[in-house]
Each structure stands twice: as structure tokens, then as C-alpha cells.
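Here is what each chain is made of, one letter per residue.
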Amino acid sequence: MGELYIAGAGLARGYLGRPGLTAECIAQEKVKSLSLRYVIFGGEALNPTKLSSWWSVTGDGTPHLINMYGITETTVHVTFRNLISEDGNSLESPIGEVIPDLSAYLLDQNLEPVPHGVVGELYIAGAGLARGYLGRPGLTAERFIACPFGPPGTRNSIVTGK
């Protein structure tokens, strides 16, 4: 797929939703003259070190760089993070905070919360979670489990680490 451009409404020129988008491409397009408020990354793990040249041009100001993490079972996204230049010091993709209609839990194999810094599996619950896979009851039963937190009737949660 080639480059996609958007223009108009005070927007001088910019890239829109191109896989593998890098800060170098954006920096070459004179980002300071754009009327962008946000650049949103999603769909693949973000390597924040590739944004260093962006921050060298714009700093931590506008436009805001937003990293969003999501899984199919939540339709689009689960978390968001307003990236800052310090994030560019890490190879890991910071996924940020949970969006308002979901909850996220980092649990062990016994569905107990893991201590800070311990590896676990990410479980998602809440109104923004799908109810299952259409026509696939076996997969639904495997992936959507009763939420171990909250009152009875709380929406199911899904194991994202499998």
C-alpha cells in the first residue's frame, strides 16, 4: 500500500494509518506546520525508540502521540498511552491505561493478581468486551471465562496471553 495523505481544514499535509509509520517519515513532512492534535499508533507493537526524531522536532507538546493496544474481542482498543519523549528510551511498547468501559487484570495461572514486576497473563473484562465468538462455542468457552472479580453477572473476561 502506498502513502496516504490527508489535507484540508488547516492540515498542511500528513500521513494517515500507514503500517510501519516511523517518526522519520513524519519529521520530513515538517510536522510543526501541521494542525494535528493527535497521532495514534495501533495494530502492531510500537517500538518507541523509532520516535526519537519526532520528539527532537516537536518535543512532548502537540501533536500528542498516542499508543493504543487492543484485541479483536474488544472490537478495537483496550488501553491508551499519551507517549512522552522518555518512552523513546525503551524497546518495549508501553500500553498505558485501560479505557473507561473495560478493566484489565494481570493474573497468574490460579487467576490471582501477580505482584508488581512479575510476569502474568492479561485478562480483560467489562462492557466493551464481546460476548463470545459467533458460531464457535468451544473457542468461546476456552477464551471467555467468568470474571474472578466483581459481583455475579459481571461480564466475562478473556485471556489475552494464549
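Residues numbered from 1 in each chain as written. Predicted model: local features only at pLDDT ≥ 70, side-chain atom pairs only at ≥ 80, totals over all residues. Heavy atoms only, no water.

1. Details of the overall build of the protein chain
1) Next: Helix and strand content of the protein chain: three helices and 10 strands.
2) Next: Ordered by position from the N terminus, the helices and strands of the protein chain form the series β-β-α-β-α-β-β-β-β-β-α-β-β.
3) Next: Taken over 162 residues, the protein chain has a buried fraction of 32%.
4) Next: Put simply, 49% of the contacts in the protein chain that link residues at least 6 apart link residues at least 24 apart.
5) Next: Carbon and sulfur atoms make up 55% of the accessible area of the protein chain, which amounts to about 9,900 Å² in all. (Helix = DSSP H or I, 4+ residues; strand = E, 2+ residues; numbered from the N terminus. Buried < 20%, exposed > 50% of the residue type's maximum accessible area, 1.4 Å probe, protein only. Contact = heavy atoms within 4.5 Å. Areas by Shrake-Rupley, 256 points an atom, 1.4 Å probe, with all protein chains shown as cover.)

2. Concerning the nonpolar core
1) Next: If you look at the biggest cluster of nonpolar residues, it comprises nine residues: Ile71, Val78, Ile99, Leu102, Leu122, Ile124, Leu129, Phe144 and Ile158.
2) Next: Counting eight residues, the second-largest nonpolar core is a separate cluster that includes Val39, Phe41, Leu51 and Trp55. (Core = buried A, V, L, I, M, F, W, Y, C linked by side-chain atoms within 4.5 Å.)

3. Focus: the side chain of asparagine 67
1) Next: Tracing the backbone through its elements, the reader meets asparagine 67 in strand β4 (residues 64-69).
2) Next: Reaching out from asparagine 67, the side chain makes a polar contact with the side chain of serine 93 at a distance of 3.0 Å.
3) Next: Sequence-distant contacts of asparagine 67, defined by excluding residues within four places in its chain, comprise Phe41, Leu46, Thr79, Phe80, Arg81, Leu83, Ser93, Pro94 and Ile95. (Polar contact = N/O pair within 3.5 Å; in protein donor to acceptor, adjacent residues only side chain to side chain.)

4. Observations regarding the environment of glycine 43
1) Next: Mapped onto the secondary structure, glycine 43 falls in the loop between β3 (38-41) and α2 (52-58).
2) Next: Sequence separation between glycine 43 and histidine 77 is 34 residues, and the spatial gap between their C-alpha atoms is 9.3 Å.

5. Comments concerning the packing of aromatic side chains
1) Next: Within the structure shown, the criterion is met by two aromatic pairs.
2) Next: The interplanar angle of 25° and the centroid separation of 4.5 Å between the aromatic rings of tyrosine 105 and phenylalanine 149 together place this pair among those described as stacked. Taken together, the residues span a long stretch of sequence, with tyrosine 105 in strand β7 (residues 103-107) and phenylalanine 149 in the loop between β9 (144-145) and β10 (157-159) at a distance of 44 residues.
3) Next: Consider the rings of tyrosine 133 and phenylalanine 144, whose centres lie 5.4 Å apart with planes at 75°: the pair is edge-to-face. Of this pair, tyrosine 133 sits in the loop between β8 (121-125) and α3 (137-143) while phenylalanine 144 sits in strand β9, placing them 11 residues apart in sequence.
4) Next: Its relative accessible area of 6% is what places phenylalanine 144 among the buried residues. (Phe/Tyr/Trp six-rings, centres within 6.5 Å; stacked < 30°, edge-to-face > 60°.)

6. Some points on the pattern of salt bridges
1) Next: The tally for this structure, following the rule as stated, stands at one salt bridge.
2) Next: Salt-bridge contacts for arginine 81 lead to aspartate 87; the nearest nitrogen and oxygen are separated by 2.9 Å.
3) Next: Looking at arginine 81, the relative accessible area reads 27%, which means it is partly exposed.
4) Next: With relative accessibility at 10%, the residue aspartate 87 sits in the buried group. (Salt bridge = Lys/Arg side-chain N within 4 Å of Asp/Glu carboxyl O.)

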